[in-house]
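The residues making up each chain are set out below.
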Amino acid sequence: MDNDIMIKIEDVTYEYNSIGEEGQLRAIRNLSIDVKRGEFLVILGHNGSGKSTLAKLMNGLLIPTKGDIYVMGMNTKDENKIWNIREKAGMVFQNPDNQIVATIVEEDVAFGPENQGIPPAEIRKRVDEALRIVEMTEYKRHAPHLLSGGQKQRVAIAGILAMNPDCIIFDEPTAMLDPTGRIEVMNTIKKLNKVEEKTIVLITHYMDEAVEADRILVMEQGEIVMAGTPREIFKQVKKVKELGLDVPQVTELVYELRKEGIDIQEDILTVEELVRLL
Amino acid sequence: MLKDITIGQYFPGDTIIHKLDPRIKIIIIALFITSLFFINTFFPYVFILIFILLAIRLSKVPVKIVLKGLKPLFFIIFITFAINVFMTKGEVLFQIGPLTVTKEGISQAVFMALRLIFLITGTSLLTLTTSPISLTDGIEKLLSPFKKIGLPAHELAMMMTIALRFIPTLLEETDKIMKAQMARGADFESGNILNRAKNLVPLLVPLFINAFRRADELATAMEARCYRGGDNRTRLNELKLKRHDIIALVSTTFFFAFIISIRYIW
């Protein structure tokens with residue numbers, strides 16, 4: 001097994017069985033992806049493109065109808081390994097309210113390690129460390145319902161971090177947050193990738209978040225339709241738009257300027273880059 | 001408005017009573033209740049009163065707050081008092097219409113009312129000085145010996161924790177839905193009881209649907225965090241009996257044994 005591959009998805013198909021309807025809804029079709037160790041992978045797609053299903057497949061919450069998924073060499077179909085897989089590939093969900101279990105921040109962060117059966121002294125260390133990384137240490141004795149959305153989501157991230165995963169899958173973590181909360185959470189995610197060297201799989205439909213990625217996959221109807229670095233993807237403004245997605249505002253501006261005949265570099269992603277160029 | 005509601009009536013503090021192991025506190029309260037029912041004369045009440053006052057003093061909970069716990073039960077205390085006054089037979093003191101008041105009646109009524117008051121202040125002192133989490137922890141640990149006969153101690157405690165966690169979330173949501181429905185002309189405040197109940201339907205239906213959706217998402221999130229029931233689970237804050245817990249347990253046991261024995265000695 002290749003050690004540099006974190007998650008290996010091999011020709012996977014997933015079908016939802018809907019009751020009372022003929023046939024099945026095919027959410028994922030013959031998909032193959034390799035997630036490399038330490039990489040920041042963004043999966044883009046609009047609603048119903050199968051991206052959340054893909055996330056749940058990655059840590060064994062769903063089992064593929066066809067094909068295999070390996071997390072660090074462990075097949076998600078192997079029931080004996082399922083808890084090891086979930087330890088290695090942690091998952092953060094969209095709604096921060098619905099993933100916090102306990103009534104005090106630090107108790108909630110401890111929930112994962114408690115389930116893993118780790119000794120109390122070690123849990124204490126991990127909880128403090130996780131809260132330090134997400135910068136929520138000063139709130140450790142607070143009740144979660146009094147925190148802001150961004151803070152709650154950071155607590156949820158700390159809860160996963162405390163389990164010591166190698167890879168964290170984020171399923172639209174910012175979709176329910178206000179702009180401030182979104183920035184807080186994105187900064188945390190970047191920090192996890194750059195400083196803590198965690199492999200990140202970020203599922204989103206916000207283009208501005210995708211700009212930070214090492215690699216982007218664009219999904220449509222359960223298939224990957226585009227793949228590449230942010231620059232490669234967003235250069236193709238027309239194609240991205242045809243898929244019902246937006247490009248970052250700056251890229252769109254450059255695209256329109258070029259259409260008007262102004263000759264500037266076409267792979268601009270951030271405001272700073274454009275300012276420097278002009 | 002709904003946001004201000006606090007769960008339980010925990011009064012935070014850092015006193016010896018607050019720091020007692022929740023298991024010990026629950027056991028002491030159980031002993032307290034048992035001995036209250038053994039008392040059959042006024043005399044032992046003096047000791048109970050001293051015990052409660054001492055506990056309140058040590059816990060530094062203002063007496064006013066402890067007495068506030070009596071308020072919702074005032075009606076029950078009053079009814080108990082009235083029934084005892086009028087229904088006990090004995091030496092007639094005076095009559096009001098068909099009701100006779102006896103000497104034994106008054107003494108019995110005061111006795112029962114005091115028993116209720118002590119019962120309530122004692123138990124509310126437990127909830128005032130123990131946070132809901134440590135209370136659940138204590139219950140889980142106390143019930144765990146009964147796991148062998150099939151009592152799901154861990155699951156019960158987990159359910160209580162989740163319920164406590166989601167009460168404020170659901171209250172907030174109720175508030176939101178109420179406002180949304182009111183903006184569309186829903187009326188929650190007028191009409192008779194039947195009408196009001198009917199008007200609650202547009203509030204309850206979305207609330208329940210949302211609660212189910214939340215439950216589903218929470219269960220998925222818990223699974224993703226390796227939750228697989230209570231077996232082999234460790235705790236961040238393990239309950240450990242300390243010296244002062246043992247001292248408290250032993251001394252109160254002697255105290256309550258003394259109270260109970262009064263009944264048989266005198």
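Residues numbered from 1 in each chain as written. Chains lettered and ligands numbered in written order. Predicted model: local features only at pLDDT ≥ 70, side-chain atom pairs only at ≥ 80, totals over all residues.

1. Structural notes on the overall build of chain A
Here's step 1: Each helix and strand in chain A was counted, giving eleven helices and ten strands.
Here's step 2: Relative to the compact-globule value of 19 Å for 278 residues, chain A shows a C-alpha radius of gyration of 20 Å, a close match.
Here's step 3: C-alpha atoms of chain A, sized along the principal axes, occupy 65 × 50 × 40 Å.
Here's step 4: With 278 residues in all, chain A has 48% of them scored as buried.
Here's step 5: Counted over contacts in chain A with a minimum sequence separation of 6, partners at least 24 positions apart contribute 64%. (Helix = DSSP H or I, 4+ residues; strand = E, 2+ residues; numbered from the N terminus. Rg over C-alpha atoms; globule rule 2.2 N^0.38 Å. Buried ≥ 20, exposed ≤ 12 C-beta atoms within 10 Å, placed from the backbone. Contact = placed C-beta atoms within 7 Å.)

2. Description of the interface of chain B and chain A
Here's step 1: Taken residue by residue, the interface counts 26 residues in chain B and 33 residues in chain A.
Here's step 2: Those elements giving two or more residues to the side of chain B that touches chain A turn out to be helix 7 (132-143), helix 8 (153-183) and helix 10 (201-224) of chain B.
Here's step 3: Top element by residues in the side of chain B that touches chain A is helix 10 of chain B. It accounts for eight residues.
Here's step 4: Class assignment of the residues belonging to the side of chain B that touches chain A gives a composition of twelve nonpolar, five polar and nine charged. (Nonpolar A, V, L, I, M, F, W, Y, C, P; charged D, E, K, R; others polar.)

3. Details of the packing of helix 5 (residues 74-87) of chain B against helix 6 (residues 103-129) of chain B
The relative placement of two packed helices comes down to the angle between their axes together with the axis-to-axis distance.
Residues and elements named next belong to chain B.
Here's step 1: For the pair helix 5 and helix 6, interaxial distance at closest approach is 7 Å and the crossing angle is 160°. Taken as axis vectors, helix 5 and helix 6 run roughly antiparallel relative to one another. The interaxial crossing formed by helix 5 with helix 6 has right-handed handedness. Each of I77, T80, F81, N84, V85 and F86 in helix 5 lies in contact with helix 6, whose residues at this interface are G105, I106, Q108, A109, M112, A113, L116 and I117.
Here's step 2: Looking at the contact of helix 5 with helix 6 residue by residue, the classes come out as ten nonpolar, four polar and no charged. (Axes fitted to C-alpha atoms, helices over the stretch in contact; angles between N-to-C directions. Parallel < 35°, antiparallel > 145°, perpendicular 65-115°, else oblique. Left-handed = near helix turned anticlockwise from the far one by under 90°.)

4. Remarks on the domain arrangement of chain B
Here's step 1: Segmenting chain B into domains produces domain 1 (2-130 + 238-265) and domain 2 (152-224).
Here's step 2: Placing the centre of domain 1 of chain B and that of domain 2 of chain B at their C-alpha centroids yields a distance of 35 Å. (Domains from an automatic or database assignment.)

5. Some words on the environment of I76 of chain B
Residue and element names in this part refer to chain B.
Here's step 1: For I76, the location among the structural elements is in helix 5.
Here's step 2: For I76, a count of 12 C-beta atoms within 10 Å puts it in the exposed group.
Here's step 3: Separated by 112 residues in sequence, I76 and F188 have C-alpha atoms that sit 30 Å apart.

6. Concerning the packing of helix 8 of chain B against helix 10 of chain B
Residue and element names in this part refer to chain B.
Here's step 1: The contact between helix 8 and helix 10 brings their axes to 10 Å, and the two run at 140°. Relative to helix 10, helix 8 is oriented oblique. Seen from above, helix 8 lies across helix 10 with right-handed handedness. Taking contact as the criterion, the partners of L170, E173, T174, I177, M178 and Q181 in helix 8 are, on helix 10, P202, L203, P206, L207, N210 and A211.
Here's step 2: Its residues placed into classes, the contact of helix 8 with helix 10 shows eight nonpolar, three polar and one charged.

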